[in-house]
Amino acid sequence: MCLFFPDCLNSLHNESESWDDHIRILKIITEMFLPHISLSELEKECFSKILPKVAAMFDSMIKEILAQVGGLSSQNTELCALLRNILQAMVQTIDALSTCVRHVCSFEEAPDLAAVRSLPAYVLRILKETFRHCKESEVVYCGRLSLVADLLQGLFKDAYTLQKGLLELLEKMPLNSSASEEEISDIVTVIHSLLDICFIISNLDMALHANTWKFLIRQSLKYQSLVEEHLHHGDITSSLCDNLVTSFHSCIELAEQIKHAGLQDSIQNTEYKLFQKTAKMCRFFANTLVHYIKEFKFFLTKCCSCFHQLYLQVISKFPPSLHATALPSGLSEELKAAALVPMDALLLQLLPLRTFAEAVLQQDQRLSPEHELPQCLLLVNVLDQLASQPEEVLQLWYAGSQFPEETPRLPLFRALFTSFRRCHTERSVPVLLPGVMMKGQAQVQITLHHHVCVHLCASVATLPSAYLPTLEHCLIAVVLGADTPTALLAADVWGFTARYGTAELCFHHVLLIAQLVKACAAECYQLLHLGLLLKRMVFLMTPNHQMELVSCYPPSEVENLQVWQHVLLRALSQDARRRVEKDVVSMSDKALSDWQGDGHKLGGVKKLNEALLSLLAVVRGQSSPEEPCASTAVKTITQLWSRMCPDQVRSHHVLRRTLQLLLSLSAVFVKDMEQQVIFQALSCVDTLLSQQCAEPELLLAALEFLSSLGKIFIPPENQSQIVARLSSLFGVLLKERSWLLHQHALEAFSQFAEVTNHEEVISQSLCDEETKTKVVAYLSKTVNAAEEVELRLQRIKQEAALIEEHSEKLENQKESVLKEEVEITAADPEPCPKRARQETSAEEEYSRYLQTAEGALKAIQALAEGKTNPAAAPPWLQSRLQELQNIIDHISKARHKS
């Protein structure tokens, strides 16, 4: 029989033969001659000779189908028969190859790959073309698929069986460490061919797809030491990532369909079963990817950007992401187990890779809006996992890039704060995350700020001391940044760091912050952030360190007042509090005296304001200021109100700042102030309001003062002046269009109404019906109509862009603060005489002093007539009144002479 084998081979190579002849000859070879060829001769005498021709013949069949299929129709029976014959020939070719595979498997001892090296290569090539043809059949046959569907189905089924047999054969084949380069190349070719097949069959059959991937990975690991330098690791992991994302998105789509169809409670429906199968594939690809990275991580340095994006894509589809789809809880939990849980294992494998750290910590990294929150959560997860990592991994993440030749990367702490800053929308909504579970307490939902803060503080608790300077530099930079919520987060972490460390470390931090506060220009955002931090940190100091702080920054020195403006006295020990209070009150009194002695010049108002601000910080820090402090403060307030001229205040920002401080101080000491001084304050505010020249800060201080007036009783003789003015001011401020000022106006009015004895102010302030409705709604705690979710999100996103633009503009400026005082004194240290005379007019001064005198005399008249106090007048009253009469006569005579 073997004598005819060469003739059969020659016939197979004869191109003049038809496909039917070739198939017949192939069957003869595989069924009659193949069983009689020894294993040692299979490759040389058979496979290497027939398989290339078989592959070429198979390719020509597919080309012929593609060339003829355009005319296929049910009426064209001849063409239909031709195409069916070709497909039948393809099926028979697959069957013949299956016979070859079964024959090789029939040997008791599995052959070496070299003994049959042509068989896997050409079988995989034909399988690849077969699966591709089946996958593209709907496009190829274009609506006429039913004419050949039965043959295509049989072709796919036989190809499935052929691949299964081939993989079983390959599984048995031994390949040891002494394998030749040729054998290594063969197994690498097999793996890469299977990868191509995986790409083709991804949407054809789940079981075939999964089994092919399992074999591919198993072979890669089985011969890892031999093939790891030859495999296309990037293609393999990229394909795994694509399959994971595809199956993941399919799960989401199926879950949405189940939700919309209301089938989430039924586990027997087709959609739910398909969802479970797809979720299983998703879990398979995720776990396979993690396993592959674990074994070949150091060959995957160029793939880390892909892994980073994969992590972000998966996280972005789960709550609390604003881009996540709301799914039924049961389906959501299954999807989390399939895709979200493996992400932690993925991250753990990637942590030691420098290129992954560079991808995650990239400087000036701009992500799509849907990936900003996932990036923040990724960095938090990195923090959590670093505690168990070796020193070189800690150095990689905590320290940032160290040398110019390195790819720039931020330190982890800085990257996390930067990422948190970019989550403006998520902070504003706010999104909620699961909190840390505590013993005996139920798990609660917390904000993103809370979540990041807890994990940051936990990482600080385990942070090696070598990285504390890096942390401190990061905290300083963030606190000095323009984004206030991020600065507050840094302040929280800073406070924990100081409390968790030693008292000396806390003292060191406070000194640093105080120095920065002292170095800041007035009214800048950096001063606001540092001041809030200093206010909190002083609470954490020991009494001895507080006294040292007082010694380092004596409140008696003007240049140190900016520090004490941001310290609450109740945070200090008794000795330190008394020292600061005494020095600040003395300084404010001296500042007023110096300004008065210098002729009330405009250039000296800046120092006066600094003293007033410090005085305000002192008195606000106490529930009831001590008598010496109160008397000095009231004296200062009274003298300054006598100098407040609305026209001057309107013209100079520095005086409006003085007025703002005066109003806040007056709110604290309103019970100790004279009625006439209160009237002067109200008149000044009323004038500025009528001229529309009051900044929001000034109006807020005015509201604070108006609210405090509910604590005092206004004598009847002064009610006509004060009550009418008070009602008028409340009426105007309650109509403010700015939502912030309007809200504060409502709060101030309600606080006034709760304690006042002068109920007529309430009714007179609400003459306008619209204002009355708003106040009633506020007092009734009526909730306004809720804004639609989509509209609210759209508004917040627009606000986020504007806020970020404003913050960047501030940070890019060399000077982030406007200082009118510097502008005034830059060209001329003192105002010129002409300008000084413009500060006020004689008529206004006469009017102001006469109002004060008139108010005082009316108060004395009320006492003398027993309207406010039935007690007898003192014996010295008559003589003092005569002295006042002499002064009045003297003024009249002097005026007449002039």
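Here the structure is shown first, and the text comes after it.
Residues numbered from 1 in each chain as written. Predicted model: local features only at pLDDT ≥ 70, side-chain atom pairs only at ≥ 80, totals over all residues. Heavy atoms only, no water.

Engineer: I tried to follow unusual backbone geometry on my own but got confused; where do I start?
Structural biologist: Residues apart from glycine generally show negative phi values, whereas peptide bonds are mostly found in trans. Each neighbour pair has its own omega, and for Pro319 with Pro320 the value is 15°, a cis peptide bond. With respect to the helices and strands, the residue Pro320 is situated in the loop between helix H13 (304-316) and helix H14 (329-350). For the peptide bond that leads from Val429 to Pro430, omega is -10°, which places it in the cis range. Structurally, Pro430 is set in the loop between helix H19 (424-428) and strand E1 (432-434). For Asp364, which is not a glycine, the phi torsion comes out positive at approximately 55°. (Helix = DSSP H or I, 4+ residues; strand = E, 2+ residues; numbered from the N terminus.)

Engineer: How should I be thinking about the side chain of Ser118 in this particular structure?
Structural biologist: If you trace the backbone, Ser118 turns up in helix H5 (residues 118-135). For Ser118, a relative accessible area of 10% gives the class buried. Other than its neighbours up to four places away in sequence, Ser118 contacts Glu43, Phe47, Ser48 and Leu51. (Buried < 20%, exposed > 50% of the residue type's maximum accessible area, 1.4 Å probe, protein only. Contact = heavy atoms within 4.5 Å.)

Engineer: Would you mind showing me how to read the environment of Gln385 here?
Structural biologist: Structurally, Gln385 is set in helix H16 (residues 369-386). When its relative accessible area of 14% is taken as the criterion, Gln385 is described as buried. As a C-alpha pair, Gln385 and Asp344 span 41 residues in sequence and 9.0 Å in three-dimensional space. A distance of 3.3 Å separates a polar atom in the side chain of Gln385 from the backbone oxygen of Asp344. (Polar contact = N/O pair within 3.5 Å; in protein donor to acceptor, adjacent residues only side chain to side chain.)

Engineer: Would you mind showing me how to read a nonpolar patch on the surface here?
Structural biologist: A surface patch of nonpolar side chains, about 420 Å² in accessible area, is lined by Leu857, Leu881, Leu884, Ile887 and Ile891. The element contributing the most residues to the nonpolar patch is helix H42 (residues 877-897), with 4 residues. Inspection of the secondary structure assignment puts Ile887 in helix H42. (Patch = residues over 30% accessible without salt bridge, like charges linked within 9 Å, V, L, I, M, F, W, Y side chains within 5 Å. Areas by Shrake-Rupley, 256 points an atom, 1.4 Å probe, with all protein chains shown as cover. Salt bridge = Lys/Arg side-chain N within 4 Å of Asp/Glu carboxyl O.)

Engineer: Help me out: how do you make sense of the environment of Leu463 in this one?
Structural biologist: Along the chain, Leu463 turns up in the loop between helix H20 (448-461) and helix H21 (468-479). C-alpha of Leu463 to C-alpha of Ala387: the two residues are 76 residues apart in sequence and 7.8 Å apart in space. Apart from residues no more than four positions distant in its own chain, Leu463 is found in contact with Tyr398, Phe413, Leu468 and Leu471.

Engineer: It is not clear to me how the side chain of His455 should be interpreted in this structure. Could you clarify?
Structural biologist: One can find His455 in helix H20. Residue class for His455 comes out buried when judged on its relative accessible area of 17%. If we skip the residues at most four places from it in the chain, His455 touches Val380, Leu383 and Asp384.

That is the geometry; function is a separate question.
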